[in-house]
Amino acid sequence: MGQNALAASGTVSGSKIYPAGLKPRRRSIFLRRILFILVAAAFIFTGGFALFATHVSRLTTPANPAKADAIIVLTGGQSRLDAALDLLKAGKGERLLISGVHPSATRRQLQLATRSDKSLFNRVDIDRAALDTIGNAEESAKWVESHDYARVILVTNNYHMPRSMLEMGRLLRKASLEPYPVVNSKLGEGRWLTKPEAFRVLFTEYNKYLLALARGIVPVKPTSDGMVVVQAAAE
C-alpha cells in the first residue's frame, strides 16, 4: 500500500519517475507540433504553386525584343523553333543555338521541319548532347563562352521559362539572359484552374522548379565531357 502511494506521488525507493499522464501529454504535444508543421508546409507549398502559376500565366511574348548577340532555343515544341528562327531572321541575334536536338535528327530534317532557307540555317548551331534542362544549361554555357557573347535571348515555353532562367543563370555568369516566353494558350485570369491539362503541366513544372531551387545549395559547374556543340557549316 505504501509503495503504491509512493508510485502515485512520482517516487519509488528514492528515485523519481514521471507523474501519471505526463508521457501521453508530451506525446500529444509532439504530435500536435508535427501536425502544425505539416499543415504549414502544405500551406506554403500550395501558396507557392498559386504564385508560380499566376506568374507563368502572366508571361507574354515580347512584341519587339531588343537585339542581342545570340539566341538560344530549348527543344520541346515546334512553336519554340519557329519563334527562335523568326527572331534570327529579324536580325535579333547573330547566331542561334538549338539545344536538346535528338541525336538521330539531321540538319536537313530540321531545316525542312522549320521551312527555313539554307542561308538562314547556316547561322544555326545544333546541340545534341543535352537531355534535360540541366544539360541545356551546360551545353548553352559552353556555346556562349566559346563565342564570347554578352547578351542572349532565351526562347522556351512560358511554363518552362522560370526553371530555364534559373538553371541558365547559374552558369552564364558573364552573359545576360533575356527571356522570350512562347505562349501557346492563354492562362491568365485563373484559366489554368479550369483547364486540367494546363493545371497538370504547371503543377509538374512547379515541382521541378522547387527541385532546381534545392539543387542551388550545391554549386553547379559545366562538365568538361559530353558531346561538343556541332557548328553550322555550309552544305
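Structure first, text after, so check above.
Since the structure is predicted, the reported quantities are computational estimates derived from the model, not experimental observations.

Asks: What should I look at first to understand the layout of surface pockets in this one?
Replies: The gaps of empty space that remain are located by a probe, the size of a water molecule, rolled over the atoms. Of the pockets and cavities examined, the second largest pocket occupies roughly 190 Å³. Taken together, 15 residues line the second largest pocket, and the ones lying closest to its centre are D132, T133, N136, H160 and R163. Only helix 6 (133-147) and helix 8 (196-215) provide two or more residues apiece to the lining of the second largest pocket. Along the lines of polarity and charge, the residues of the lining of the second largest pocket split into 4 nonpolar, 6 polar and 5 charged.

Asks: Hey, could you run me through the pairing of strand 6 (residues 151-157) in this one?
Replies: Two faces, one strand: in a regular strand the side chains alternate between the faces of the sheet. Strand 6 sits mainly inside the fold: 6 of its 7 residues count as buried. Taken together, the 4 bridges between strand 3 (residues 70-74) and strand 6 define a ladder with parallel strand orientation. By the bridge assignment for strand 6, I72 is matched with L154. For the crossover that starts at strand 6, traverses helix 7 (residues 161-171) and ends in the parallel strand 7 (residues 176-182), the hand is right-handed.

Asks: In this structure, what is going on with helix 8? I would like to understand it.
Replies: For the α-helix, the turn length of 3.6 residues means that residues three or four positions removed from each other point alike. Spanning 20 residues, helix 8 covers 29 Å between terminal C-alpha atoms, matching the ideal 28 Å at 1.5 Å per step. By the burial criterion, the buried members of helix 8 are A198, L202, E205, Y206 and A212. Viewed end-on, helix 8 has its buried residues packed into an arc of 120°, placing them on one side of the element. Structural note: helix 8 exposes P196 and L211 on the side pointing more than 90 degrees away from its buried face.

Asks: Got a minute to help me understand the side chain of K92 in this structure?
Replies: Positionally, K92 belongs in the loop between helix 3 (78-89) and strand 4 (95-99). For K92, which is buried and forms no salt bridge, the nearest opposite charge comes from E178, at a distance of 12 Å. A polar atom in the side chain of K92 sits 2.9 Å from the backbone oxygen of P65.

Parameters and conventions
Residues numbered from 1 in each chain as written. Predicted model: local features only at pLDDT ≥ 70, side-chain atom pairs only at ≥ 80, totals over all residues. Heavy atoms only, no water. 1 Å grid on protein atoms, 1.4 Å probe; cavity = no way out; pocket = protein on both sides within 12 Å on 5 of 7 lines; lining within 4 Å. Points joined across faces, edges and corners; volume = space filled by probe spheres on them. Helix = DSSP H or I, 4+ residues; strand = E, 2+ residues; numbered from the N terminus. Nonpolar A, V, L, I, M, F, W, Y, C, P; charged D, E, K, R; others polar. Buried < 20%, exposed > 50% of the residue type's maximum accessible area, 1.4 Å probe, protein only. Pairing = 2+ DSSP bridges. Right-handed = clockwise from strand over helix to strand, strands pointing away. Expected span 1.5 Å × (residues − 1). Arc of directions from axis to C-beta. Lys, Arg positive; Asp, Glu negative; His and termini not counted. Salt bridge = Lys/Arg side-chain N within 4 Å of Asp/Glu carboxyl O. Polar contact = N/O pair within 3.5 Å; in protein donor to acceptor, adjacent residues only side chain to side chain.

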